[in-house]
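Observations on the model geometry
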Amino acid sequence: YWSDGSLTDEGGFSLEVPLGAAPTLASSETRTFLAGVRNIPGRGEDMTRDTVSTTLQVKVDHAPPRVLERLSPIDVIDIANSSALTEVPVEFIGWEDADLSGSPQWVHWLMRDENQRQISSGSSLLGMLQEGQAITWTGTVDLIGDGMNPPLQDYEVGFWIEGWDAAGNPLATEGNSKSDPVREPVDLNGDHELQWIRFGALGAQLTVERISADREIVANGDKVEITAWISNLGGTTNTGFVVGFYSGDSEKPFATQKLNGIADESIPISATWVAEKGVDRVIVIVDTENEIIEVDESDNSASVGVSVDYAFGMGWVEGARQNLLAVIGIIIAMIVLPVVAYVSMKGALTNRSELFDDEHLFDEEDDYDEDYDDDDYDDEDDDY
């Protein structure tokens, strides 16, 4: 049916065919229309004034446009300059075998923390350039927004595009969705992560990776070795910095150590702490003199808990308390071993005494036999 009987500026008509009335057309590869103009003398009629009808066959485009790769950003987004995060340039390439003009395309983004919990999201309108079947999308996105959830070190962001082509086909969601963001080219990837871009510092980003004590329950005055592992999560720094060891809330370090720069590595450093009554932790702070400019210094310190629970020289009491089963085993052994030794010795002495008695018995029997033989010989002599 005609949706509007008026002519356009170029003399055309607008025709609408509701697919709800003809559902088979929705999946057909071609659609054929029978068109004719009536009741307009001199137009759409032949010389005999009969209405001229014509047919129009339209090839239907069912193929959705596709987003192939993300060309920008790649690997890491620098968080050193927060103002630059309000206009982060993005660029994508895709493919479409028909016309993609006439409908807007939007880029959506999702930011999540290191535990993959969603932090924030947003969208921006993209510009589109189509050359043949190749498509390029460009634009900028604001990753700061209202500033309530700014990106931090090791946060991640993923992008996907939404839009339609001239035939009404939406962009394919394979490799282009919230759960499956657009990938970057393998030849440009440098961190083995194609879908998500990490927020980080291109400059130095120092951190205390972990800290440990060789003993956690000690006596007042004991010497405890504290070891801290210092790492750099950002760019290489050749500038030296100082690492300080602090006893509890003391503002003066009991030990310091200077490092002459650190790259993508973890360096262990140690110091000896003398246990103090009332101190329950030892703190390590990296770059105590603020010699290195960093974006985030919240991870520049770490602490390890200690417990000063007994007086000097009474460590064996605490050792026994912590190893109760071993102590019980030692006590049982101290009781059982002497008993076993006593029984063994007594048994050995008893066996030896019986042995002596048997030998004496044999000697008496031998003497008796000899006496008996002598008497027999004497009797025989008397008979003769």
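A brief look at the structure comes next.

**Observations regarding the overall build of the chain**
Assigned secondary structure in the chain consists of two helices and 22 strands. Looking at the chain as a whole, 30% of its 384 residues are labelled buried. On the chain, roughly 24200 Å² of surface is accessible, and the fraction owed to carbon and sulfur atoms is 52%.

**Here's the deal with the pairing of strand β10 (residues 127–131)**
Note that β10 and strand β11 (residues 134–141) share five bridges and pair antiparallel. The residue bridging Met128 from the neighbouring strand is Trp137, located in β11. Here β10 folds back onto β11, and the loop between the two strands holds two residues, one of which, Gly132, carries a positive phi near 70°.

**Overview of the pattern of salt bridges**
Counting across every chain of the model gives nine salt bridges. In this structure, Arg215 engages Asp222 in a salt bridge whose closest nitrogen and oxygen atoms are separated by 3.5 Å. For Arg215, a relative accessible area of 32% translates into the label partly exposed. You can call Asp222 buried: its relative accessible area is 12%.

**Observations concerning the side chain of Ser231**
Tracing the backbone shows Ser231 in strand β16 (residues 223–232). A polar contact is formed between the side chain of Ser231 and the side chain of Ser266, at a distance of 3.4 Å. Other than its neighbours up to four places away in sequence, Ser231 contacts Gln205, Leu206, Thr207, Glu209, Ile262, Glu265 and Ser266.

**Considering the side chain of Gln205**
Along the chain, Gln205 turns up in the loop between β13 (197–200) and β14 (206–213). Exposure remark for Gln205: the relative accessible area of 0% places this residue in the buried category. Excluding residues within four positions of it along the chain, Gln205 makes contact with Gln153, Ser231, Asn232, Leu233, Gly234, Glu294, Val295, Asp296 and Asp299.

**A closer look at the packing of aromatic side chains**
The geometry of an aromatic ring pair is captured by the separation of the ring centres together with the interplanar angle, meaning the angle of the planes. In total, this model carries two aromatic pairs according to the counting rule given. When the ring of Phe92 is compared with that of Phe159, the centres are 6.3 Å apart and the planes differ by 65°; the resulting orientation is edge-to-face. In this pair, Phe92 sits in strand β7 (residues 88–95) while Phe159 sits in strand β12 (residues 156–162), placing the two residues 67 residues apart along the sequence. Classification of Phe159 as buried rests on a relative accessible area of 0%.

**A short note on the nonpolar core**
Residues Ile226, Ile230, Phe241, Val243 and Trp273 are the most contacted members of the largest nonpolar core, which totals 28 residues. Going through the elements one at a time, β14, β16, β17 (241–247), β19 (266–274), β20 (281–286) and β21 (301–305) are the ones with two or more residues in this core. Once residues lying within four places of it in the same chain are set aside, the contact partners of Ile226 are Ile211, Ser212, Ala213, Phe245, Ile269, Ser270, Ala271, Trp273, Val282 and Val304. By size, the runner-up hydrophobic cluster in this structure holds 25 residues, among which are Leu85, Val88, Leu126 and Ile135.

**With respect to unusual backbone geometry**
That bond from Ser72 to Pro73 is cis: its omega, 0°, falls within 30 degrees of zero. Inspection of the secondary structure puts Pro73 in the loop between β5 (66–72) and β6 (76–78). The backbone of Gln116 sits at a positive phi, close to 65°, despite the residue not being glycine. For Gln116, a relative accessible area of 57% corresponds to the exposed category. The backbone of Asp154 shows a phi angle near 75°, a positive value even though the residue is not glycine. Mapped onto the secondary structure, Asp154 falls in the loop between β11 and β12. Looking at Asp154, the relative accessible area reads 31%, which means it is partly exposed.

**Focus on the sheet that holds β14**
Spatially, β14-β16-β19 is the arrangement adopted by the three strands of the open sheet, whose pairing is antiparallel. Every interior strand has two partners, whereas the edge strands, β14 and β19, have only one. Here the average twist between neighbouring strands, direction ignored, is 25°. With seven bridges connecting them, β14 and β16 associate as antiparallel partners. Its bridge partner being in β16, Ile211 is matched across the sheet by Ala228.

**A short note on the environment of Glu174**
Mapping Glu174 onto the fold places it in the loop between β12 and β13. Take Glu174: its relative accessible area is 55%, and that puts it in the exposed class. Expressed as a C-alpha distance, the spacing of Glu174 and Leu68, which sit 106 residues apart in the sequence, is 9.6 Å. For Glu174, the residues in contact, after removing those within four places along its chain, are Arg66 and Asp180.

**A short note on the sheet that holds strand β9 (residues 118–125)**
Spatially, five strands are ordered β6-β13-β12-β8-β9 in an open sheet, and the strand pairing comes out mixed. Both outer strands of the open sheet, β6 and β9, are each paired with one neighbouring strand and no more. Averaged over all adjacent pairs, the angle separating strand axes in this sheet is 25°, with direction ignored. Of the pairings in the sheet, the one linking β12 to β13 comprises two bridges and is antiparallel in character. Directly across from Val157, in β13, lies its bridge partner Ile197.

Cut-offs used in this document
- Residues numbered from 1 in each chain as written.
- Predicted model: local features only at pLDDT ≥ 70, side-chain atom pairs only at ≥ 80, totals over all residues.
- Heavy atoms only, no water.
- Helix = DSSP H or I, 4+ residues; strand = E, 2+ residues; numbered from the N terminus.
- Buried < 20%, exposed > 50% of the residue type's maximum accessible area, 1.4 Å probe, protein only.
- Areas by Shrake-Rupley, 256 points an atom, 1.4 Å probe, with all protein chains shown as cover.
- Pairing = 2+ DSSP bridges.
- Salt bridge = Lys/Arg side-chain N within 4 Å of Asp/Glu carboxyl O.
- Polar contact = N/O pair within 3.5 Å; in protein donor to acceptor, adjacent residues only side chain to side chain.
- Contact = heavy atoms within 4.5 Å.
- Phe/Tyr/Trp six-rings, centres within 6.5 Å; stacked < 30°, edge-to-face > 60°.
- Core = buried A, V, L, I, M, F, W, Y, C linked by side-chain atoms within 4.5 Å.
- Axes fitted to C-alpha atoms, helices over the stretch in contact; angles between N-to-C directions.

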